[in-house]
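Notes for the structure review
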Amino acid sequence: MHHVKSAFAAVALAAPAFAQTALVQTGDVLTGIGQVTRIDDVAVNSSGEWIVEVDTDNASSAMDAVILENGAVKFHEGTAIGLTQIPGATLNWGDRMAINDAGETMYLLNVDL
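Remember, it's a predicted structure, so these values are computed and weren't measured experimentally.

1. Some words on the side chain of Glu53
Inspection of the secondary structure assignment puts Glu53 in strand 3 (residues 50-56). No salt bridge is formed by the buried Glu53; the nearest opposite charge belongs to Arg38, separated by 7.0 Å. Leaving out residues up to four positions away in the same chain, Glu53 has contacts with Arg38, Ile39, Asp40, Asp41, Val66, Ile67, Gly94 and Met97.

2. Re the nonpolar core
Formed by Ala43, Ile51, Ile67, Phe75, Ile81, Ala89, Leu91, Met97, Ile99 and Tyr107, the largest nonpolar core amounts to ten residues. By residue number, the principal contributor to this core is strand 6 (residues 90-99), which donates three residues. Other than its neighbours up to four places away in sequence, Ala89 contacts Thr79, Ala80, Ile81, Val111, Asp112 and Leu113. Val24, Trp50, Val54 and Val66 belong to the second-largest nonpolar core, a separate cluster that totals nine residues.

Definitions and limits used
- Residues numbered from 1 in each chain as written.
- Predicted model: local features only at pLDDT ≥ 70, side-chain atom pairs only at ≥ 80, totals over all residues.
- Heavy atoms only, no water.
- Helix = DSSP H or I, 4+ residues; strand = E, 2+ residues; numbered from the N terminus.
- Buried < 20%, exposed > 50% of the residue type's maximum accessible area, 1.4 Å probe, protein only.
- Lys, Arg positive; Asp, Glu negative; His and termini not counted.
- Salt bridge = Lys/Arg side-chain N within 4 Å of Asp/Glu carboxyl O.
- Contact = heavy atoms within 4.5 Å.
- Core = buried A, V, L, I, M, F, W, Y, C linked by side-chain atoms within 4.5 Å.

Now the structure itself:
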C-alpha cells in the first residue's frame, strides 16, 4: 500500500479555496470587431477587476488586437486611443499592462502618431 499516492490524490482532488471564473475565452465574440482567437495578457486585482489583451479574427490584421477592461473595450488596435496628451495617436499594440487593488491601471502601449 502506498500512502503517499493516496495523500497526493486527496490533495489533488480538494476544491480550490477560491472560485474561478472565465473572463474571456477563445471564440467569444467582440461585437463589431470579431471573435477572440488568442489571449495575450491578463491582469487581475484582488477585487476581481481585470484587464485582458486579446487578438481577434478581424478582417484587418491592423485592427485585430483589443484590450478589454472589466469586459468593455478599452483600446482597439488601429483606432484613436483617446488620450488628450497624444492627439491623433492610434493603438498599434499593447506591450504591458497592470491593475492595482485600487483599480488603477497602467498600460505600456505602442502607438502610431
